[in-house]
Amino acid sequence: RHPDKEALVFESSRLTYGQLLERVDRLASGLLELGLKKGDRVGIFLYNCRQAYESLLATARAGLVFVPLNYMLNGPELASIMSHAGVKVLIVESELFPVVEPVLSDVSTLEHTIGIDCDSDTLIDYDYLLGKEAKLRDKLQANEADLFGLMYTSGTTGLPKGVMLTHGNVVTHAQNMVRDYEIREFSKVFIILPYFVGATLNGIGLPCLSQGGTIVIQRRFTPERFLQTIQGERITHVQVVPTLLVRLLQTDVVGKFDISSLEVFGYGSAPMPVDRLKQALRTFGPIFSQMYGLTETCAMSTCLAREDHVLEGPEAERLKSCGRPVGGVDVRIVDETGSERPDGEVGELVIRGPTVMRGYWESPDLTSQAVDDGWFRSGDLAYRDTDGYIFLNDRKKDLIITGGFNVFPKEIEEVLYTHPAVFECAVVGKPDQEWGEAVAAFVSLRKGSKSTEDELLQFCREKLSRFKRPKSVSFVDEIPRNPSGKVMKRLLREEDS
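Residues numbered from 1 in each chain as written. Predicted model: local features only at pLDDT ≥ 70, side-chain atom pairs only at ≥ 80, totals over all residues. Heavy atoms only, no water.

K.L.:
For this particular structure, what's the right way to read the overall build of the chain?
P.N.:
The helix and strand inventory of the chain stands at 14 helices and 27 strands. Computed over the C-alpha atoms, the radius of gyration of the chain is 23 Å, within 12% of the 23 Å expected from 2.2 N^0.38 for a compact globule of 497 residues. Across its three principal directions, the C-alpha atoms of the chain cover 65 × 55 × 50 Å. Per-residue burial over the chain gives 58% buried out of 497 residues. In the chain, the proportion of contacts linking residues at least 24 apart, taken out of those at least 6 apart, comes to 67%. As displayed, the chain has an accessible area near 21,100 Å², and 47% of this comes from carbon and sulfur atoms. In the chain, the 57 positive side-chain charges and the 70 negative ones have mean positions that sit 1 Å from each other. (Helix = DSSP H or I, 4+ residues; strand = E, 2+ residues; numbered from the N terminus. Rg over C-alpha atoms; globule rule 2.2 N^0.38 Å. Buried < 20%, exposed > 50% of the residue type's maximum accessible area, 1.4 Å probe, protein only. Contact = heavy atoms within 4.5 Å. Areas by Shrake-Rupley, 256 points an atom, 1.4 Å probe, with all protein chains shown as cover. Lys, Arg positive; Asp, Glu negative; His and termini not counted. Charge placed at Lys NZ, Arg CZ, Asp CG, Glu CD.)

Encoded structure:
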């Protein structure tokens, strides 16, 4: 519809929709010439860049399945996910290739590795594939029921969970975002979070492309460059995690740039301290919108709209909520039997609608546990007020969200248990002004053994990806347990709080 309109901006590269379509078609044709067939999985291990969007669009156009790989993971974690997904082709850039190169032989399904600016004779050059003839023009390779992507939500400890999102899921979600975030043809959205997270890809990236808007991609976040780009590109929409917003509020560069073009300053993916949210409203104005959702629901199931961000009066209480359900998505608060709880009473938040995943890849038991008669069990405890606003109370599961990334305590606990001085341990998330939650470990030492916090933190640094590492280690005589032997993590969270 808009061949001459700017589609993607990354550093010095600016692509129109016509140029983007040509590159995507050529890459899709090149992937199929490698012998890939509809439904095959393609791993993408890239930092934020233009090629990330070219690659995910090419896989979709070719009827292949996009498997984004978190660049914060280490080699064994990446190999575990690629093996579980049955990845046949991996696209990787030069800066990240050393991370994954040692484990490529561990992925038995991998047939080809495509390198971007990689100096290796063993890789297929990305630009070589772009030299292929574009053969897919006007030929749809996928329908709404086909898989678009496998989005992994855990690491190597236990069974990794690959969330199956269909083309229908992401297109419907894009329509919801266009409506609720008011994304238009002349919108300019800013990709600053990792391109593959739901809040970025499904939240603003794909919705923007669906309307003919412009995507501006930044490789890494710094407060000054972030604000400079908003000013220079006249950005209208951005989505962040609370950690980045807190960092902005702590800098002295906010008032130095003109960011009046911003229409929606979206946030989500982690708890947002209310006092920091109020500070942000006073600093940037009434342009904030909160999304709540999970990978399993594409991204947004409820929205606290801009008009709900009120600083004064009784309506200011809504700043503690995650808003109301978006159109087309049903949300209920239920008890253990699945019966709906009255307004004001806490229960588990369950979600139903066309944006809910098909299920977990190769995991029918996990899928049946998570989805009951179309209702996805979020694992979050919440209550609803009489006006329909949802207030998250706590997570039923022990998932920790730090800086917008999911961390499973069991994975850290398993690592700590391998230290010779550790007898028992438990890991919890504690409120943190910068990260939303910080990973906190509690350790009971073996009789006669000695250790220090620094020693155990260093031990974790050697074993875990950066975002999974504990920020603190506290020593206790024993880990508190209830009569049935389960760890009482609530007591640990309350300790020193």
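K.L.:
Explanation requested: the sheet that holds strand β15 (residues 302-304) in the structure shown.
P.N.:
Strand pairing in a sheet relies on backbone hydrogen bonds, with the paired strands running either antiparallel or parallel. Taken in spatial order, the nine strands make up an open sheet running β2-β1-β11-β10-β12-β13-β14-β15-β16, and their pairing is mixed. Here the strands that pair on one side only, and so sit at the sheet edges, are β2 (13-16) and β16 (324-325). One ladder, built from four bridges, connects strand β10 (residues 188-191) with strand β11 (residues 214-217); its direction is parallel. Paired with Lys188 across the strands is Thr214, a residue of β11. The sheet contacts of helix α7 (residues 198-211) involve β10, β11, β12 (237-240) and β14 (288-292), and relative to β10 the element is tilted by about 150 degrees. Where helix α8 (residues 223-233) meets the sheet, it contacts β1 (6-10), β2, β10, β11, β12 and β13 (264-268), and its direction lies at approximately 160 degrees from that of β10. (Pairing = 2+ DSSP bridges. Axes fitted to C-alpha atoms, helices over the stretch in contact; angles between N-to-C directions.)

K.L.:
Just checking my understanding: could you explain the pairing of strand β25 (residues 422-432) for this structure?
P.N.:
As a general feature of sheets, a regular strand has side chains that alternate between the two faces. Most of β25 sits inside the fold, with eight of its 11 residues counted as buried. In this sheet, strand β26 (residues 436-445) lies alongside β25 in antiparallel orientation, the contact comprising 10 bridges. Bridge assignment links Lys430 to a residue of β26, and that residue is Ala438. Hairpin connection between β25 and β26: a loop of three residues separates the two successive antiparallel strands.

K.L.:
Where do I start with the packing of helix α1 (residues 17-33) against helix α2 (residues 50-61) in this structure?
P.N.:
Any two packed helices are characterised by how steeply their axes cross, that is the angle between the axes, and by the distance between the axes. Taken N-terminus to C-terminus, the directions of α1 and α2 make an angle of 60 degrees; their axes are 8 Å apart at the nearest point. Taken together, the axes of α1 and α2 lie oblique to each other. Helix-helix and strand crossings are classified by hand; for α1 and α2 the assignment is right-handed. Here Leu20, Leu21, Arg23, Val24, Asp25, Leu27, Ala28 and Leu31 of α1 come into contact with α2, specifically with Arg50, Glu54, Ser55, Leu57, Ala58, Thr59 and Arg61. A per-class count over the contact of α1 with α2 returns eight nonpolar, two polar and five charged. (Parallel < 35°, antiparallel > 145°, perpendicular 65-115°, else oblique. Left-handed = near helix turned anticlockwise from the far one by under 90°. Nonpolar A, V, L, I, M, F, W, Y, C, P; charged D, E, K, R; others polar.)

K.L.:
Would you explain helix α9 (residues 242-249) in this entry?
P.N.:
The buried fraction of α9 amounts to seven of the eight residues, a majority that puts the element mostly inside the structure. Buried within α9 we find Pro242, Thr243, Leu244, Leu245, Val246, Leu248 and Leu249. Lining the buried residues of α9 we find α8, β12, β13, α10 (274-284), β14 and β26.

K.L.:
What exactly am I supposed to notice about the environment of Leu36 here?
P.N.:
One can find Leu36 in the loop between α1 and β3 (41-45). Once residues lying within four places of it in the same chain are set aside, the contact partners of Leu36 are Leu31, Val42, Leu64, Lys88 and Val89.

K.L.:
When you look at the packing of helix α6 (residues 167-180) against α7 in this model, what are you seeing that I'm missing?
P.N.:
Put simply, α6 and α7 touch, their axes get as near as 8 Å, and they point 85 degrees apart. Relative to α7, the element α6 is oriented roughly perpendicular. Where α6 approaches α7, its residues Val170, His173, Ala174, Met177 and Val178 are matched on the opposing element by Asn202, Gly203, Leu206, Pro207, Ser210 and Gln211.

From the geometry alone we can't say anything about function, so treat these as descriptive.
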